[in-house]
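# Coordinate inspection notes
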Amino acid sequence: LAKVNSRLKNKRGVIIAGARGVPPRAAKLLSDALKWPVLADPTSGCRTEGPHAIRHADALLRDSEIAKRLRPESVLRFGALPASKVVNSWLRDTAAEVTTVSGSPYLIDPDRTTSLHLVTNAEALCTDLAPLVAPCDQNWLQDWCVVEQSARRVVGDMLDDETRLSEPGVARCVVASLPTGSRFVVSSSMPIRDVEWYGGSCEHLTVLSNRGANGIDGVVSTAVGVALETGQTTGLLIGDIAFLHDSNGLIGLARRGADVRIVVVDNNGGGIFSFLPQRTSLPGGQFETIFGTPHESDASLIARAHGVRSCEARTTAELRQALAEVGPSVIVVKADRDKNVEHHDEIHRAVAEAVRGSIKV
Ligand SMILES: Cc1ncc(C[n+]2csc(CCOP(=O)(O)OP(=O)(O)O)c2C)c(N)n1
């Protein structure tokens, strides 16, 4: 404990909460004692309403000035690596002293930033450390809270109550609408990123994400399995290609008593590829054949072929209402891949501008 404490005390630091890392209450206890923010990955369970919970780290740290201003001296990392590339490269470039805590002796640390690896129970460690540590100066946490609050405000203003749902708005609405205690399975590709960037507090949910063997395989089956195993309402946010890839997961669903509420963001292809440089460097037709892969399949009809109720939602209010219905369902939201890239850029720009203004970078 003394050794760990010497790496944390009086330092400007951050707690990184990854998947299966640290219970939210333990993270909060240590955050209060150290006056450090908790950078919370979507699957960490730590994306709470509290001001110390940083849900917009990826968006904040995209701005080089803000990233520099918020550079820590010490990092305490729990659980799996953050999903965000931006957060990981910021960590790599900070030169901060990184202490990693995990329950397993196998350390996953591709950037080799960890200089101390503790194999221990995270909750017990936080409880034992909290009374010993000394907090860093107040301005540090204050700055993080100010930028996080302004990011929360901008994202909320831009996405709450959309009259024409966007992909970011869908992610935000699904997180907010699922009933307390639900499991929430999030597919790879854009859904997990959109939940990270735009989803609000996930305090009321257990968020799960499964990369399958390759990224987008087996995701419908994962959600059905989670619902059957836990007996809880289970939401699934998934793109159309991942949905089609595992639509056999719907077989028998109507008769299995599993409350799986599936939201398919149907942009008629792989939306993530429109963020790649190939989108502009390849001729449009070629890009569509190789990357976009439009299929023209009807997700609603596929659901109905399996006897599962389906509908289309166009607005936040319609999606909220559809998600309130109990029992297996497929809710389709139509989207446009090109507009989606523009919309993401627009939100990132608005967040960066507001955040820069809020701490005068
Ligand atoms: C089994 C498998 N096949 C192919 C890929 C490559 N891949 C990654 S993302 C993606 C497109 C996913 O599209 P969709 O599920 O509609 O989500 P979106 O990108 O539109 O959010 C593909 C084909 C993969 N990761 N896994």
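Okay, so let's go over this structure.

Attention now goes to the overall build of the chain. Each helix and strand in the chain was counted, giving 16 helices and twelve strands. In terms of overall dimensions, the chain is globule-like: its C-alpha atoms have a radius of gyration of 21 Å, near the 21 Å expected for 361 residues. The proportion of buried residues among the 361 residues of the chain is 55%. Here the contacts in the chain between residues at least 6 apart in sequence split such that 72% fall between residues at least 24 apart. A total of about 15,700 Å² of accessible surface is found on the chain, and carbon and sulfur atoms cover 50% of it. Charged side chains in the chain number 40 positive and 42 negative. The centres of these two groups are separated by 4 Å.

Now for helix H15 (residues 316-323). Of the residues making up H15, those classed as buried are Thr316, Leu319, Ala322 and Leu323. One face of H15 carries all of its buried residues, which in axial projection span an arc of 130 degrees. Contacts from the buried residues of H15 go to helix H7 (138-159), helix H8 (167-177), strand E10 (260-266), strand E11 (309-312) and strand E12 (329-334).

Moving on, we get to the sheet that holds strand E4 (residues 74-78). Sheet architecture is open: six strands sit in the order E3-E2-E1-E4-E5-E6, paired in parallel fashion. Each end of this open sheet is capped by a strand with a single partner; those strands are strand E3 (53-54) and strand E6 (114-119). Across two bridges, strand E2 (residues 38-40) lies against E3 in parallel orientation. Bridge pairing links leucine 39 to isoleucine 54 in E3.

As a matter of local geometry, the ligand sits amid 18 residues, with Ser189, Asn214, Ile241, Gly271 and Ile272 nearest to it. Between alanine 242 and the ligand, the recorded distance is 2.9 Å, taken from a backbone N or O atom to an oxygen atom. Coverage of the ligand by the protein amounts to 78% of the 590 Å² it exposes when considered alone. Comparing atom positions with the cavity grids shows the ligand to sit within the second largest pocket. Put simply, the parts of the chain that give the shell around the ligand at least two residues each are helix H9 (190-198) and helix H11 (240-245). Looking at the shell around the ligand, the element that brings in the most residues is H11, giving four residues. Split by residue class, the shell around the ligand holds seven nonpolar, nine polar and two charged.

Together, Asp336, Glu342, Asp345 and Glu346 give the surface a local cluster of negative charge. The topology assignment puts aspartate 336 in the loop between E12 and helix H16 (337-359). The class for aspartate 336 is partly exposed, based on a relative accessible area of 37%.

Let us now look at the side chain of serine 300. Turning to its location among the elements, serine 300 is positioned in helix H14 (residues 299-305). Look past the residues within four positions of serine 300 in its chain and what remains in contact with it is Ser310, Cys311 and Val332.

It is worth spelling out the packing of helix H2 (residues 24-34) against helix H6 (residues 122-129) at this point. Following both chains from N to C, one finds H2 and H6 inclined at 25 degrees, their axes separated by 9 Å at the closest point. By the angle between their directions, the pair H2 and H6 is classed as roughly parallel. The element H2 and its partner H6 pack so that their crossing is left-handed. Residue-level inspection shows Ala26, Leu29 and Leu30 of H2 in contact with H6, the latter providing Glu123, Cys126, Thr127 and Leu129. The class makeup of the residues in the contact of H2 with H6 is five nonpolar, one polar and one charged.

Turning our eyes to something else, we now look at the sheet that holds strand E9 (residues 234-239). Strand pairing in a sheet is mediated by backbone hydrogen bonds. Such pairs are either parallel or antiparallel. Taken in spatial order, the six strands make up an open sheet running E8-E7-E9-E10-E12-E11, and their pairing is parallel. The open sheet is flanked by strand E8 (206-209) and E11, the only strands paired with a single partner. Each neighbouring strand pair of the sheet contributes to a mean axis angle of 20 degrees, computed without reference to strand direction. Here E10 pairs with E12 via six bridges, running parallel. Counted as the bridge partner of isoleucine 262 is valine 330 from E12.

Further remarks concern the layout of surface pockets. Approximately 420 Å³ is the volume found for the second largest pocket. Lining the second largest pocket are 24 residues, and of these Ser188, Ser189, Met190, Ile216 and Ile272 sit closest to its centre. For the lining of the second largest pocket, the secondary-structure elements that each account for two or more residues are H9, E9 and H11. Along the lines of polarity and charge, the residues of the lining of the second largest pocket split into nine nonpolar, ten polar and five charged.

The rules behind the values
Residues numbered from 1 in each chain as written. Predicted model: local features only at pLDDT ≥ 70, side-chain atom pairs only at ≥ 80, totals over all residues. Heavy atoms only, no water. Helix = DSSP H or I, 4+ residues; strand = E, 2+ residues; numbered from the N terminus. Rg over C-alpha atoms; globule rule 2.2 N^0.38 Å. Buried < 20%, exposed > 50% of the residue type's maximum accessible area, 1.4 Å probe, protein only. Contact = heavy atoms within 4.5 Å. Areas by Shrake-Rupley, 256 points an atom, 1.4 Å probe, with all protein chains shown as cover. Lys, Arg positive; Asp, Glu negative; His and termini not counted. Charge placed at Lys NZ, Arg CZ, Asp CG, Glu CD. Arc of directions from axis to C-beta. Pairing = 2+ DSSP bridges. Near = heavy atom within 4 Å. Polar contact = N/O pair within 3.5 Å; in protein donor to acceptor, adjacent residues only side chain to side chain. 1 Å grid on protein atoms, 1.4 Å probe; cavity = no way out; pocket = protein on both sides within 12 Å on 5 of 7 lines; lining within 4 Å. Sits in = over half its atoms within 2 Å of the grid points. Nonpolar A, V, L, I, M, F, W, Y, C, P; charged D, E, K, R; others polar. Patch = residues over 30% accessible without salt bridge, like charges linked within 9 Å, V, L, I, M, F, W, Y side chains within 5 Å. Salt bridge = Lys/Arg side-chain N within 4 Å of Asp/Glu carboxyl O. Axes fitted to C-alpha atoms, helices over the stretch in contact; angles between N-to-C directions. Parallel < 35°, antiparallel > 145°, perpendicular 65-115°, else oblique. Left-handed = near helix turned anticlockwise from the far one by under 90°. Points joined across faces, edges and corners; volume = space filled by probe spheres on them.

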